[in-house]
Amino acid sequence: MSGSHQGRNSKAVHAGLDPMQHRGAVSVPIYQCSTFMFPTAEEGAARFEGASDGLIYTRLGNPTVQALEECVASLEGGCGAIGAATGMAAIATTFLALLRQGDHVVATHPLYGPTHGLLEGRLGRLGITSTWVGAADTEAIRAAVRPETRMIYVETPANPTMDLVDLAAVAAIAREAGAPLVVDNTFAGPHLQRPIELGADVVVHSMTKSLNGHADVVAGITVARDPETLRTLRDTAKALGTTMDPHQAWLVLRGIRTLGMRVERAQANAALLAVWLESHPAVAWVRYPGLPSHPQFELALRQMDGPGSVIAFELAGGVEAGRQLMNAVRLITLAVSLGGVESLIEHPASMTHSKVAPADQLAHGITPGLVRLAVGCEDVEDLRADLEHAFAALEIGAAAASR
Ligand code: LCS
């Protein structure tokens with residue numbers, strides 16, 4: 001049965017696997033192998049020439065990695081995908097494939113810290129310039145486009161502020177500019193948001209997050225809307241050697257099989273916690289796309305199938321209170337990353353976004369006191385009790401300090 005009309009859960013469970021290609025195996029086998037035999041010298045030459053699509057060498061293609069690529073391309077509605085060793089490898093490949101010296105990028109802020117660093121630093125050194133505009137400011141994105149603009153690069157929801165980009169509107173701007181719209185869809189994932197359906201050209205992911213979902217793999221992927229872009233991206237990935245390992249691909253594919261259940265469970269927990277946090281006297285503000293207080297709540301309803309599981313908030317006691325909270329939680333783990341079955345808490349200004357200059361952090365909405373909570377699949381009562389106990393520890397600390 002062709003998978004293109006299946007629902008997203010059916011695709012997550014089945015896409016990429018034809019058991020009859022694997023002696024009936026119902027899970028894609030791990031082709032743990034670096035190189036593939038050619039039946040004849042002529043066939044080997046034909047594969048290198050591109051006249052035959054047979055296998056050559058794992059940096060250039062591997063059946064386990066291909067199964068994962070097919071699955072993610074199907075979930076995102078792209079024509080194909082290219083696995084990568086990490087999310088950053090997928091992002092770097094995308095930049096190096098689609099940009100050259102003298103090109104200009106319109107990038108929204110904030111972005112994941114190292115993506116910001118890659119554009120500002122390494123690509124800047126290669127003569128590729130960037131203009132930074134707020135994720136929510138569609139008109140500023142339009143105004144930033146120049147004749148030499150060759151890419152619009154966005155992250156939505158943005159790490160760590162949970163600002164949103166209006167994907168349909170920005171896709172129209174990109175089309176008019178003749179520049180591809182590249183979307184980092186890591187935070188929402190394809191279960192909740194499919195940028196290609198809204199007009200994006202390329203989607204990138206850190207599959208380290210919800211696609212894998214179990215905090216045991218780092219991995220990335222790039223999905224293309226059209227075959228020509230896919231070819232350009234794949235050629236660059238092969239040249240750079242950003243390739244995934246087959247065992248890594250197998251683990252991610254296993255994680256994807258339960259994507260919808262994990263994402264919906266974590267999201268239900270996050271929705272409850274966000275409401276509770278917003279009403280808590282120790283909390284100054286909460287930013288979560290599922291709360292009516294989010295300035296782009298309507299946009300979230302329009303372009304996402306759900307607000308996801310990451311919450312940004314700041315305590316009334318600011319940075320110091322946030323630090324104490326992170327030190328006091330027990331069930332929630334103090335660690336970077338997100339999208340896994342386990343809840344994680346971190347401080348973007350001193351951790352994930354610490355290499356972004358303080359002035360840029362502030363301009364991008366990454367306030368010193370912002371705490372990021374990536375909600376997992378535990379029992380929500382236990383997560384709330386953990387935060388409750390940590391808030392109580394803050395009150396004891398504040399009372400002691402005022403004595
Ligand atoms: N894009 C986004 C939106 C991310 O959040 C991350 C990692 C990456 C790309 C890079 O992916 P990686 O190379 O790590 O697979 N974000 C992290 C975070 O917020 N905490 O730890 C890693």
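Residues numbered from 1 in each chain as written. Predicted model: local features only at pLDDT ≥ 70, side-chain atom pairs only at ≥ 80, totals over all residues. Heavy atoms only, no water.

1. What to know about unusual backbone geometry
Looking along the chain, the bond that leaves His109 and enters Pro110 is cis, with omega of 0°. The residue Pro110 is located in the loop between strand S2 (104–109) and helix H5 (113–125) in this model. Following Thr156, the chain continues into Pro157 via a peptide bond in cis, with omega recorded as -10°. When you line up the elements, Pro157 lands in the loop between strand S4 (149–155) and helix H7 (167–177). The phi dihedral of Ala215 falls on the positive side, at around 55°, and the residue is not glycine. Structurally, Ala215 is set in the loop between strand S6 (202–206) and strand S7 (220–224). In this structure Ala215 comes out as exposed when scored by relative accessible area, which is 55%. (Helix = DSSP H or I, 4+ residues; strand = E, 2+ residues; numbered from the N terminus. Buried < 20%, exposed > 50% of the residue type's maximum accessible area, 1.4 Å probe, protein only.)

2. Considerations on the sheet that holds S4
Reading across from one edge, S1-S7-S6-S5-S4-S2-S3 is the order of the seven strands in this open sheet, with mixed pairing throughout. Looking at strand neighbours, the two that pair on one side only are strand S1 (80–84) and strand S3 (129–134), the edges of this open sheet. Strand-to-strand twist across the sheet, computed as the mean angle between neighbouring axes with direction ignored, equals 20°. Relative to S6, strand S5 (residues 181–184) runs parallel, the two sharing three bridges. Each residue of the ladder has a partner; that of Val182, found in S6, is Val202. Across the sheet, helix H3 (residues 63–76) touches S1, S6 and S7, and the angle it forms with S7 is around 55°. (Pairing = 2+ DSSP bridges. Axes fitted to C-alpha atoms, helices over the stretch in contact; angles between N-to-C directions. Contact = heavy atoms within 4.5 Å.)

Any functional reading would require information beyond the geometric quantities listed.
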